[in-house]
Every structure is written in C-alpha cells, then in structure tokens.
Amino acid sequence: MKLTVIGSGYVGLTTGACFAEVGHQVVCVDNDERKVQSLLAGRIPIYEPALEPLVRKNVASKRLRFTTSTEEGVDHGEVLFIAVPTPPQPDGSVDLSFIEKVAREISQYLDSYRVVVDKSTVPVKTGERVAQTIRRYAKPGVEFDVVSNPEFLREGSAVEDLMKPDRIVIGGNSDRALAIMQKVYEPFVAPVLVTDINSAELIKHAANSFLALKISYINAVAEICEAAGADVLKVADGIGTDKRIGRAFLDAGLGYGGSCFPKDIAAFIAISEQLGTPFNLLKEVQRINSRQIDRFLDAIREALWVLKEKRIAVWGLSFKPNTDDVRSSVAVSLVERLVAEGANVVAYDPKAMEKAKELAVGRKIQFADSAIDAATGAEALIIATEWPEFAAVDLSELRDKVRTPLIFDGRNIFDPVAVASFGFQYRGIGRGVVAERN
Ligand code: UGA
C-alpha cells in the first residue's frame, strides 16, 4: 500500500521504517530540511537499536523515502499518518497546535479520498477536532475519514514493539476507513482491536497512566519496606507472580521519566478535569513519583552530611537504558539538584552524554569516559539509570578506585550483600532488610 507518515520523530520514523519493512511504499514527511537530508543519507538523529539498519535497508530498496513536502505526502499516500509532537503546556494540558497545523495542510492538498490517521498521543476528542478542521478547510465535497491508531512502542525497543506488537488499536467511525486500516496492518501478526475514535484515544492515555500507577504503587510499597525492614524486590516478585498483577513495571527506583509518562499523566489529569470528571488518583501517582527523588536525596544528605564540594559519581543520564534520550530524565533532574547544592558531579552514560552536554546542566558537570573513570576518587557513587554494563562492573576494582565506599543505587541493580562484601556501604530503594544486615 502507499502510505505517508507526517512527522519523522521517534514514532513517525520507526512507524515509517517498519511499514516499509513489511512491504508498503512509504513517504515520510518532515518540515526540518536538515533532518530530511541526514535521513536520506542514512543517518538517524536518535540512538535506537535496530532502527538505523532498517531505515538504510528500506531507503536502498526504495520502499522508504523522505521529503519536506506535505503536498507530495498527501499526493502519495492513501493513508496519511500524523505523527507530530504534542508537547505539554505549563498547566499540564497538551499543545495540539502541530496537529491542527498538519490537519490544515492536509486539507489544502486533499483531492480524493484519504484516511487521515492520528498516531500522536492526544487527549480524547482530538479526532473529532481533526475531522472538523479538515472539513472546514478542504475543498467542498472532498471525501476523507479520520482514524485514531495510538502507538505503544517503548524507546529502546521501538522496532521490536512495532514489528511484534501486543495489540493494534484502530479507532474509527467508518467501515471504509476501518477496512483500509486492517489491510495496512495485515502483515503484522497481532490481535487487532477495533473501536470508536474516542475509545482508541482513551486507551492510550489509560494504558500509560496504568503503567505509571504500577510504578508509583511499588515505589510507595518500597518506602514502607524501608520503614518496616523488608525487601521490595521480594515483595514485587511475590505479588508479580500473580498473573492478574504481573511482574512488569514493578521495579522500584527513582521513578518514571521520559517524554511520555510525565506528559501523558498530566494530560490525562487535564482532560479529565475539562470533562468534569477529575481523575484524582493520578495526582497521587505524580506525587509519589516526585517524592522518590526527594527521598533519595535525603538519604544521600543523611550519609554525606554536606554535599558542597563533594565529588559525586553518577552512572546513567538517559531516562532509561538503551536510549540516548535525556528528556524529562530523572537522572538529569537528580544531577541538577546535586549541582544546585554545590556537589562536583562526574557523570558517565554509555549513550546519552552527547545529548546531556547540550543541556544547561551539561556545562556544570564533568563527563567521564567510563563508569570506572567516573567513580575514581568519588566520595559517593549514584546509580541513576540501570544500563546493563553497570551491574557487570568489577566490584573489587571499583572499591580500589573510589575515595569513600558509598553506593546509592537508585535502580536496585546491585545485590546489597555482594557489594557489602567488598566493603561498600549500600543504600538501594526499598531494601530495608538488607540495610539492617549491613
Ligand atoms: C512508554 C510506554 O511503555 C509505551 O508503551 C508507550 O508507547 C510510550 O511510553 C509512549 O507513550 O510513547 P517509554 O517512555 O519509552 O514507553 O519507556 P518505559 O519503558 O515505559 O519507561 C518509562 C519510565 O518508567 C522510565 O523512566 C523507566 O525507568 C520507568 N520505569 C519503568 C520504572 O521506574 N519502573 C518500572 O518497573 C518500569
């Protein structure tokens, strides 16, 4: 099929590449000329495992091309996917101006029937607005349908999530559009859930909020574990083996970050209030999440007393492993707070240092070439992101390099007993029993 994806960011680019991989003819549109040029040359602006080879392969086989022209995109695709940013506004609601602009642009070039698909994460009822906008600006009588088709890919495993999804959600109010969308997804072996547009839009916000709720739930349990003398990892395993609950997203830590959860939870709260049905549970989810970093800093202050001029090593800057994305990264927030208290931070991240250097705080810290280099001479070591290489570090070498053996493990990557046997004082999240044993 001939498909067009408008917006070549994380979601748009991965979606376009995967559609091309299964045999569709795909045009990706982006208004950033430099980005388009670099994509045409096979350079991907983000670190995402498996994406670059996929893009190169499909550009070479001419199933995937990039353009800055929306007109070319509208002309090419029988289905037009909108995958532009939906950034947060200060009050938590979503800025939908990019979506509205693309809807107007599409309507300008619309000559014959097209399915216009909203793939960006948007509040419920956005599809209705997109349809209204296109109707208002398009030539009289031109036919189109609007569909909501939310994306569930995770950064760091985006290609796999797209190629082998748990489910595909298609929300539409027209049989003609739904039949076309079923055909688009035929090559992907996954259950397809067909709904109305509003339900599809709600599925996305409700799914992300539920996952964030699981994280805050286990983080609240972690705090109780610390007070009571219990181990949150054991508790998470114990409850997670119940199939109705599931072990995934029960890893206690510094809390959730990234470009999706914080924004989507705020947006779901905002839209629920606009609809007159405030979702207060999610406010508690947010409160617990921001408390995690406060509690962690309290523990660091408790151990170090004064942070000013202390050399503190921070392992991990990305918002989670396997990505170079530092947007709304809890690791970065932590570094900012350490710097604000006068600490000398030496950071290391396997992939995210280039992006971190572009941030304001990037000019106020040192960057090391390896985890061990960062820890050399450190008066405390903080693990902020659980990159696999950190857990594999030689603890005996690490003990020799640090100045004082204090580990604050914000992602519970170490076995407390093992690190203690090398002479470290250890503080994880929700590991009350072990703290006592030490
Ligand atoms: C999330 C969802 O998982 C995707 O399904 C969704 O498509 C995407 O948002 C989106 O809306 O576009 P992502 O933000 O890439 O994906 O990353 P996650 O793996 O969900 O992690 C989010 C945050 O939660 C990270 O900061 C991670 O460290 C944290 N987390 C995750 C925990 O603290 N504990 C856990 O048990 C799991």
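Before reading on, note that the structure itself is shown above.
The following refers to the structure shown. (Residues numbered from 1 in each chain as written. Predicted model: local features only at pLDDT ≥ 70, side-chain atom pairs only at ≥ 80, totals over all residues. Heavy atoms only, no water.)

## Description of the pairing of strand 7 (residues 168-172)
And step 1. Among the five residues of strand 7, five are classified as buried, and the element is accordingly described as predominantly covered.
And step 2. Residues of strand 7 alternate between two faces, with Ile168, Ile170 and Gly172 on one and Val169 and Gly171 on the opposite face, all of them buried.
And step 3. Sheet analysis places strand 6 (residues 144-148) next to strand 7, joined by two bridges and oriented antiparallel. Within strand 7, the residue paired with Ser148 across the bridge is Gly171.
And step 4. Here strand 7 pairs with strand 8 (residues 192-195) via four bridges, running parallel. Paired with Val169 across the strands is Leu193, a residue of strand 8.
And step 5. Chirality of the crossover, the property in question, places the unit of strand 7, helix 8 (residues 175-185) and strand 8 among those that are right-handed. (Buried < 20%, exposed > 50% of the residue type's maximum accessible area, 1.4 Å probe, protein only. Helix = DSSP H or I, 4+ residues; strand = E, 2+ residues; numbered from the N terminus. Pairing = 2+ DSSP bridges. Right-handed = clockwise from strand over helix to strand, strands pointing away.)

## Remarks on the sheet that holds strand 3 (residues 64-67)
And step 1. Here eight strands make up an open sheet; going across it, the order is 3-2-1-4-5-6-7-8 and the pairing mixed. Only two strands of the sheet have a single neighbouring strand rather than two, namely strand 3 and strand 8. Each strand of the sheet is rotated relative to its neighbour by a mean of 25°, with strand direction disregarded.
And step 2. Relative to strand 4 (residues 79-82), strand 1 (residues 2-6) runs parallel, the two sharing four bridges. (Axes fitted to C-alpha atoms, helices over the stretch in contact; angles between N-to-C directions.)

## A few points about the site of the ligand
And step 1. Taken together, the neighbourhood of the ligand is formed by 20 residues, with Leu153, Glu155, Lys204, Asn208 and Lys320 sitting nearest.
And step 2. With respect to the ligand, the backbone of Gly257 contributes an N or O atom lying 2.9 Å from an oxygen atom.
And step 3. Bound to the protein, the ligand loses 92% of the 710 Å² it would expose on its own.
And step 4. The set of elements that each furnish at least two residues to the shell around the ligand consists of helix 9 (197-228) and helix 11 (261-274).
And step 5. Broken down by element, the shell around the ligand gets its largest block of residues, three residues, from helix 9.
And step 6. Partitioning the shell around the ligand into residue classes produces nine nonpolar, three polar and eight charged. (Near = heavy atom within 4 Å. Polar contact = N/O pair within 3.5 Å; in protein donor to acceptor, adjacent residues only side chain to side chain. Areas by Shrake-Rupley, 256 points an atom, 1.4 Å probe, with all protein chains shown as cover. Nonpolar A, V, L, I, M, F, W, Y, C, P; charged D, E, K, R; others polar.)

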